[in-house]
Amino acid sequence: VDLCDTPTIMKLDSLILEGLLMLLGTGRLEEIDGESESEEGTDNVPIVSPELSKAVSLLLDCHHYLQNVDKDIYSNAVIRRRIYASLTEYTPQILGLDRD
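Residues numbered from 1 in each chain as written. Predicted model: local features only at pLDDT ≥ 70, side-chain atom pairs only at ≥ 80, totals over all residues. Heavy atoms only, no water.

Peer 1: Hey, could you go over the nonpolar core for me, with residue numbers and the actual values?
Peer 2: Of all hydrophobic cores here, the largest spans 18 residues; its most connected members are Leu-21, Leu-59, Cys-62, Ile-79, Ile-83 and Tyr-90. Counting residues per element, the ones that place at least two in this core are helix H1 (6-10), helix H2 (14-24), helix H3 (50-67) and helix H4 (73-87). Residue contributions to this core peak at seven residues, all from H3. Apart from the residues lying within four places of it in its own chain, the contact partners of Tyr-90 are Leu-24, Gly-25, Thr-26, Gly-27, Leu-52, Ala-55, Val-56, Leu-59 and Leu-95. (Core = buried A, V, L, I, M, F, W, Y, C linked by side-chain atoms within 4.5 Å. Buried < 20%, exposed > 50% of the residue type's maximum accessible area, 1.4 Å probe, protein only. Helix = DSSP H or I, 4+ residues; strand = E, 2+ residues; numbered from the N terminus. Contact = heavy atoms within 4.5 Å.)

Shown next as structure tokens:
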């Protein structure tokens, strides 16, 4: 399955899709070896890996796809709940939110 093809992903069986969306919510920032948190002059801005960025993008793409497709109301609610739950696993930095 091509993870860049949102329509194909959204056509997966609902249990498989829910499991995939759950796995997309397991990303975490990794600490960088050799860097101290107390270094002066740093803003402690985390470095987001391309994989984490892609996972968040895919979750958002799936959410946008659901807005444009008529699906079973129950199935749509379950998938949407899984997307939201997966997005809550990410820090605001990964989601691209700033403190303002």
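Still more to cover.
Peer 1: Can you lay out H2 for me, pointing to particular residues and giving the numbers?
Peer 2: If you check which residues of H2 are buried, you get Leu-17, Glu-18, Leu-20, Leu-21 and Leu-24. For H2, the angular spread of buried residues about the axis comes to 160°, placing them on one side. Residues Leu-15, Ile-16 and Leu-23 are exposed on H2 and point more than 90 degrees away from its buried face. (Arc of directions from axis to C-beta.)

Peer 1: Go over the pattern of salt bridges, please, and point to the residues and values.
Peer 2: The full count for this structure, using the stated rule, is one salt bridge. The shortest N-O distance in the salt bridge between Glu-18 and Arg-81 comes to 3.6 Å. One end of the pair, Glu-18, is in helix H2; the other, Arg-81, is in helix H4, with 63 residues separating them in the sequence. Classification of Arg-81 as partly exposed rests on a relative accessible area of 45%. (Salt bridge = Lys/Arg side-chain N within 4 Å of Asp/Glu carboxyl O.)

Peer 1: Outline the confidence of the model for the protein chain, supporting the account with residue identities and numerical values.
Peer 2: Mean pLDDT over the protein chain stands at 78; residues scoring 70 or higher make up 77%. The least confident element of the protein chain, judged by mean pLDDT, is helix H5 (residues 92-95) at 77; the most confident is H2 at 91. Taken together, the stretch residues 31-38 has pLDDT below 50 and engages in three contacts with residues farther than four places along the chain or on a different chain. (pLDDT = per-residue confidence, 0-100.)

Peer 1: A description of the environment of Arg-80 should follow, citing residues and the corresponding values.
Peer 2: One can find Arg-80 in helix H4. C-alpha separation for the pair Arg-80 and Leu-66, spaced 14 residues apart in sequence, amounts to 7.8 Å. Apart from residues lying up to four places away in sequence, Arg-80 is in contact with His-63, Leu-66 and Gln-67. Side-chain polar atoms of Arg-80 contact the side chain of His-63, separated by 3.2 Å. (Polar contact = N/O pair within 3.5 Å; in protein donor to acceptor, adjacent residues only side chain to side chain.)

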